Amino acid sequence: MSLQHYTSSLRNEAISVAEKFLSFLERKNISISPAQLIIFIHMYETYYALKNGISVNETVDLIKSVFSTINWSNELVNELTKYLSSKRVGRKNDTGAKLSLRLRYGRNMRISEILHHNITEEEIYEYIYLRKKGVIKRGKDGRMKIARYEDVRKAIIGKDIRQSVEARDILKYIDEIPTIYWRKILSPDIVSKADSKQIIKLASRLVGSSDKRLKRIILDRISALLTNGVSFRNKDKRLVQKLVSETKYTDPLLLAELSNVLSKNELKKIDIQSIINNIYNIPFNHRAKLLNRISRYFGEEHVIKNIDNLDLVTLSMVSSWSNKRLKNKSLLGKALSLFIKSYLSGDQSYMDYAYHILSTIRPEELDYKYRPVYESLLHGKLLTALRKIPSFDKRYVVEGLIHYAREELLLKGFNEELLYKAIKLGYRLLRDIVYYSGGRDRKEKTILKGPRVDVRSSIYNFVRLNFTPIYMNYKRTNNIVVLLDTSGSMVPHGLWAITCLATFVHKVRYVVLFSDKVSVVKLSRTRSNRLIIQFLKTILGSGFRGNTDMVSALKEVNKIPLPGKYTLVIISDLKHNMPGDPVPLVRSLVNRLSRFIVITPVNHNHVLAEKVRSLGGEVFIVKSPLEIPRILKKRLNLKTSLVKERKRLSIK
């Protein structure tokens, strides 16, 4: 388009709007000066050229500013807006303003009059934004009361409505919007912010609807809440069961939780093996209820072959097995738990009850790998028994230890001696878990202070008349910073988070523990147990609670004074639910750091994980803590065993 043609089109556009405005004034018997009209045409041309378009509402505001001699009442403004809208004034930048054109300013309207049948996503966001700002209020009769025109315009002009509406605002006002429009704005990321009450309210509205995709998103959120230990009433479970029937949802954990309200045909569809495989993804104190329901509703003989592979402590929650082998294993786990409780609290009654249970166990019916544990407990040697427990069971003994210690602290208040015993026992178990799972390679040596002679290799050469001494290779220590999530959503993953730190803590310089608050721990090169002790104190003293504030944690990383480039390892489920967007910070850190690694469980925020990958970060999804040493050894060339020497644990 030539310059002459472009200016003529601008002039024609401005003159056409001016003519429509003059026709409106003639109807109202209002006169204006020609000079004001010329000023308006010039201003309209400039405004249109700068913004490449002008909306109806912006045209009205421009008219009011130029023709200030006219007495602009709210009724006159509304009539002018409607008149210009009917004449199709403005070609661009009209997005998000259509809903405000339908409002009757200062009056009451039905919700159906505001949200018409072909409403767009932008209009829904605008409605939620106006409800949030209070310019649209709901009366006692259910009608919506609209504020004055000036108040609505002040709330909208110059605002990015989509960015101003947060997930909690959508969840707060979504109940006012008809369900047929929900799929336009309810994404999995928004639904993941809903709590138990909000998600049940959403589920009740969706029963009988045809939107199976949205129903599945709701059921995924309910399953995640159950995984995190949230319980629902039977009334709510029956409601959820209707959604399950309508969508043929097959998540095993959710179906097991609904087992008391499911029909026999629906129970037959549940895969018991999938439930057992996922049982360690739910909190420790909720596993007993799940195991009881499995044995009750599915029949013990049907589940024995799947449950037999569970650890001692988990099996100890249910001691009423009729199978002799399973019952004796469960009783041994119960006795071990009582020994730990007695050790922590100093209560002799736990020990007496444990000996009573041991007297009922038939050792010949125990698996051979558990018989040394039985003999050690029979002689009252708890530490020896813990050392002889298979490594698989040791991981969940740590989780049981944390649970028992927290119970005692909540029941009797803070007890420094109990806390010290729990930390000491937990550290011993973690050291054994990590050391015996990975082991140490004798050929790889890490020297921190200068080159030293490798005596063994040098003597081996001297015997063969090669008199060249061999020096140990100096291995440069990596600068590693760890971000560890201790928020409420990490409750099911507390065990693997501790074990993960234990695997490579001797290479870490700083650790940032974050939930809704952030704390930074600087580690010494020679004291690798300091972090584990402090972390166990955090869990045993306060536990996983609060929200996930990744933005504040990433900002703390920028403040850490480290020379040169370093590696950032994030251990989190990435479920950020605080103000702010972590993506810009992730982008800047990926560009600045040498490595950006995220270790996350299966149940994590997939959207944020994909964004981290697209920005150049590495994301590893792990099911077991023992996968973490292999990942780090391969990606960072790290040694992943704790100190072999049995040093006495000291706490400062």
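Just so it is clear, the structure is predicted and the values come from calculations on it, not from any experiment.

## Quick notes on the overall build of the chain
Link 1 in the chain: The secondary structure content of the chain amounts to 33 helices and 9 strands.
Link 2 in the chain: Counting every position in the chain, which comprises 652 residues, the buried fraction comes to 51%.
Link 3 in the chain: Pairs at least 24 apart in sequence give 69% of the contacts found in the chain among residues at least 6 apart.

## As for the nonpolar core
Link 1 in the chain: Leu103 and Ile199 are the most contacted members of the largest nonpolar core, which totals 104 residues.
Link 2 in the chain: Those residues in contact with Ile199 that sit more than four places away from it in its chain are Val191, Ala194, Ile218, Arg221, Ile222, Leu225 and Phe232.
Link 3 in the chain: Judged by nonpolar contacts, the second largest core, of 37 residues, contains Leu312, Leu332, Leu377 and Leu386.

## Here we look at the sheet that holds strand E1 (residues 108-109)
Link 1 in the chain: Spatial ordering of the open sheet is given by E1-E3-E2, a layout of 3 strands whose pairing is antiparallel. On the outer flanks of this sheet lie E1 and strand E2 (136-138), each paired with one strand and no other.
Link 2 in the chain: Taken strand by strand, helix H7 (residues 121-133) contacts E2 and strand E3 (144-146), and its axis lies near 75° from that of E2.

## Observations regarding the pattern of salt bridges
Link 1 in the chain: A complete count under the given rule lists 15 salt bridges for this structure.
Link 2 in the chain: One salt bridge in this structure joins Glu176 and Arg131, with 2.6 Å as the shortest N-O distance. Of this pair, Glu176 sits in the loop between helix H10 (167-173) and helix H11 (188-191) while Arg131 sits in helix H7, and the two are 45 residues apart along the sequence.
Link 3 in the chain: The buried category is assigned to Glu176, whose relative accessible area is 15%.
Link 4 in the chain: When the shortest N-O distance is used, the salt bridge between Asp169 and Lys132 registers 3.1 Å. You can see Asp169 sitting in helix H10 and its partner Lys132 sitting in helix H7, a full 37 residues away along the chain.
Link 5 in the chain: Asp169 sits in the buried class, given a relative accessible area of 9%.
Link 6 in the chain: Judged by its relative accessible area of 34%, Lys132 is partly exposed.

## Some remarks on the pairing of strand E8 (residues 595-600)
Link 1 in the chain: With 5 of 6 residues buried, E8 is to be regarded as a mostly interior element.
Link 2 in the chain: Here strand E7 (residues 567-571) pairs with E8 via 5 bridges, running parallel. Bridge pairing in E8 places Ile570 opposite Val598.
Link 3 in the chain: Regarding topology, helix H31 (residues 583-592) serves as the crossover connection from E7 to the parallel E8, and that connection is right-handed.
Link 4 in the chain: Two strands pair when backbone bridges link them, and E8 and strand E9 (residues 618-621) are joined in this way by 4 bridges, in the parallel orientation. In the strand pairing of E9, Ile597 is matched with Glu618.
Link 5 in the chain: For the handedness criterion, the β-α-β arrangement of E8, helix H32 (residues 606-614) and E9 is classed as right-handed.

Procedures and definitions
Residues numbered from 1 in each chain as written. Predicted model: local features only at pLDDT ≥ 70, side-chain atom pairs only at ≥ 80, totals over all residues. Heavy atoms only, no water. Helix = DSSP H or I, 4+ residues; strand = E, 2+ residues; numbered from the N terminus. Buried < 20%, exposed > 50% of the residue type's maximum accessible area, 1.4 Å probe, protein only. Contact = heavy atoms within 4.5 Å. Core = buried A, V, L, I, M, F, W, Y, C linked by side-chain atoms within 4.5 Å. Pairing = 2+ DSSP bridges. Axes fitted to C-alpha atoms, helices over the stretch in contact; angles between N-to-C directions. Salt bridge = Lys/Arg side-chain N within 4 Å of Asp/Glu carboxyl O. Right-handed = clockwise from strand over helix to strand, strands pointing away.

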